[in-house]
Amino acid sequence: MAAEARTRVSGDQRVSSVMHVRCPDRLPEEVFRQVLELLAEFSPVVQALPPSAALVELKGALRYYGTSTRHLGEVLRIRTLSRLGVDVRVGIGSTITVAATASGQVEAPGGVLAIDPDQVVDWLGPLPVEALHGIGPKQAAALREFGVHCVGLLAAVPPATVQRLLGGKAGRLAADRARGIDPRPVAPRALPATLTVRHSFAQHALDGVLVRAALLDLVVQLAHQLRRRGQVARGLTLTLRFAGGTSWERTRRLPEASAADDDLRTMAYRLIDAAGLQRGCLTGLVLSGQDLVDADQVAQQISLDQAREARLVAEAASDRIRDKFGPGVIGPAATFLRVS
């Protein structure tokens, strides 16, 4: 088995070493990060594709483990199920397009589909044209209107015709990928750093005042932790947990990267207003700072707003008090209305 694997690896272009992993939809970000950590146990070349997919280059793993990529995919499924309770769909191919298309053909909840390089064209051919990774609904509709309803027909159409149907660059890419051509490498990319704070209601919360007070408390916690770490957030994500197990989540970019209470509070209130809550029974709130960067990497704009400058000075004083006496000794008056 080891000798066979080494023989296969020696001809890099003839090895199905690209793995595309699809996690269940709406997977919590913290669990997705744990999946990425598991992938890193197989290979250092992991490309996160948020919110719930990733690519892995397994050439080095084939040399190290002396086994097949399909076997590595099965091991990955066992580990995600046993450690995280998450089943994944794994596609394996010689290119990103083939691997991603393969994972899309695995039926939920999970499984592994490996496509040998010699089988790529024959395997792609009968698939519906919209199944080819990278073909969106509008492109598929344009191709079907022209009579191209499967990938094999797309591969047979002259590339110039495909370019006229889909546009220059999109047409070239679609024509190549239908033939199994995709030179893109897997580029290592981690998820941007995040910081998350949470609040759980002891009883289902219906009172909008209490909910907003709890959210403000999360804003203060998040902003304080960011400042202690010397970081700022470029965006915020708010998740609302409802009785019955449902949830609502929305992410928005901040106008400028910030760790200031007022900036985060303004955006957090916009997010909860966007939820359009009436009498929803909330069980918890989750607030995350997204795309964190070091504060000294962000250009500071000169401000002529004296009131804002005064608030920033007050924040610094409050941070010193919290660091000395504890996080709950000072804060906006409204936060002391929150329920535990």
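Preceding block: the structure.
Residues numbered from 1 in each chain as written. Predicted model: local features only at pLDDT ≥ 70, side-chain atom pairs only at ≥ 80, totals over all residues. Heavy atoms only, no water.

Q: What should I look at first to understand the pattern of salt bridges in this one?
A: Pairs can form between side chains of opposite charge once their charged atoms are near each other. Counted by the stated rule, this structure contains 12 salt bridges. One salt bridge in this structure joins Asp261 and Arg227, with 3.0 Å as the shortest N-O distance. With a gap of 34 residues between them, Asp261 in helix H12 (residues 261-274) and Arg227 in helix H11 (residues 208-229) connect regions that are remote in the sequence. Judged by relative accessible area, which is 22%, Arg227 ranks as partly exposed. (Salt bridge = Lys/Arg side-chain N within 4 Å of Asp/Glu carboxyl O. Helix = DSSP H or I, 4+ residues; strand = E, 2+ residues; numbered from the N terminus. Buried < 20%, exposed > 50% of the residue type's maximum accessible area, 1.4 Å probe, protein only.)

Q: What should I look at first to understand the pairing of strand E7 (residues 231-242) in this one?
A: Regular strands place side chains that alternate from one sheet face to the opposite one. With respect to burial, E7 is a largely interior element, 10 of its 12 residues being buried. Where E7 and strand E8 (residues 247-258) come together, eight bridges link them in antiparallel fashion. Following the sheet pairing, Leu240 is matched in E8 by Trp248. Counted between consecutive antiparallel strands, the loop separating E7 from E8 contains four residues, among which Gly244 sits at a positive phi close to 100 degrees. (Pairing = 2+ DSSP bridges.)

Q: It is not clear to me how the packing of aromatic side chains should be interpreted in this structure. Could you clarify?
A: Two numbers describe a pair of aromatic rings. These are the distance of the centres and the angle of the planes. Enumeration according to the criterion identifies one aromatic pair in this entry. A centroid spacing of 5.0 Å and a plane angle of 85 degrees characterise the contact between Tyr64 and Tyr65, whose relative ring orientation is edge-to-face. The aromatic ring of Tyr269 is capped on one face by Arg212, whose charged end is 4.6 Å from the ring centroid. (Phe/Tyr/Trp six-rings, centres within 6.5 Å; stacked < 30°, edge-to-face > 60°. Lys NZ or Arg CZ within 6 Å of the ring centre and 35° of its normal.)

Q: How should I be thinking about the sheet that holds strand E3 (residues 53-57) in this particular structure?
A: Backbone hydrogen bonds hold the strands of a sheet together, and the pairing may be parallel or antiparallel. If you trace the five strands from one edge of the open sheet to the other, you get E2-E3-E1-E4-E5, paired in mixed fashion. Edge positions in the open sheet fall to strand E2 (46-49) and strand E5 (111-114), since each of these has one partner strand only. Sheet twist, expressed as the average angle between the axes of neighbouring strands with direction ignored, equals 15 degrees. With four bridges connecting them, E2 and E3 associate as antiparallel partners. Within E3, the residue paired with Ala48 across the bridge is Ala54. Of the strands in this sheet, strand E1 (18-22), E2 and E3 touch helix H2 (residues 29-40), which is tilted by about 160 degrees from E2. (Axes fitted to C-alpha atoms, helices over the stretch in contact; angles between N-to-C directions. Contact = heavy atoms within 4.5 Å.)

Q: Could you clarify how one ought to interpret the environment of Leu165 in this entry?
A: Mapping Leu165 onto the fold places it in helix H9 (residues 159-166). It is 7.1 Å that separates the C-alpha atoms of Leu165 and Leu143, two residues lying 22 residues apart in sequence.

Q: Would you mind going over H2 with me for this structure?
A: An α-helical turn contains 3.6 residues, so a residue and the one three or four places further along point in the same direction. Between its terminal C-alpha atoms H2 stretches 17 Å, which fits the 16 Å expected from 12 residues at 1.5 Å a residue. Residues Val31, Phe32, Val35, Leu36, Leu38 and Leu39 constitute the buried set of H2. One face of H2 carries all of its buried residues, which in axial projection span an arc of 155 degrees. (Expected span 1.5 Å × (residues − 1). Arc of directions from axis to C-beta.)

Q: When you look at unusual backbone geometry in this model, what are you seeing that I'm missing?
A: Negative phi values dominate among residues other than glycine, just as trans dominates among peptide bonds. In this model, Pro50 is joined to Pro51 through a cis peptide bond whose omega is 15 degrees. By secondary structure assignment, the location of Pro51 is in the loop between E2 and E3. In this chain, Ala108 is followed by Pro109 through a cis amide linkage whose omega measures 10 degrees. For Pro109, the location among the structural elements is in the loop between helix H5 (96-105) and E5. Of note in this structure, Arg26 is not a glycine but carries a positive phi near 60 degrees. By the secondary structure assignment, Arg26 is in the loop between E1 and H2.

Q: Is there a simple way to think about the packing of H9 against helix H10 (residues 168-178) in this case?
A: Two numbers describe a pair of packed helices, the interaxial angle and the distance between the axes. Contact geometry of H9 with H10 gives a least axis separation of 7 Å together with a crossing angle of 135 degrees. Between H9 and H10, the interaxial angle falls into the category oblique. The two elements H9 and H10 cross, and the hand of that crossing is right-handed. Of the residues in H10, those touching H9 at Pro159, Val162, Gln163 and Leu166 are Gly168, Ala170, Gly171, Arg172, Ala174 and Ala175. Taken together, the residues of the contact of H9 with H10 sort by class into six nonpolar, three polar and one charged. (Parallel < 35°, antiparallel > 145°, perpendicular 65-115°, else oblique. Left-handed = near helix turned anticlockwise from the far one by under 90°. Nonpolar A, V, L, I, M, F, W, Y, C, P; charged D, E, K, R; others polar.)

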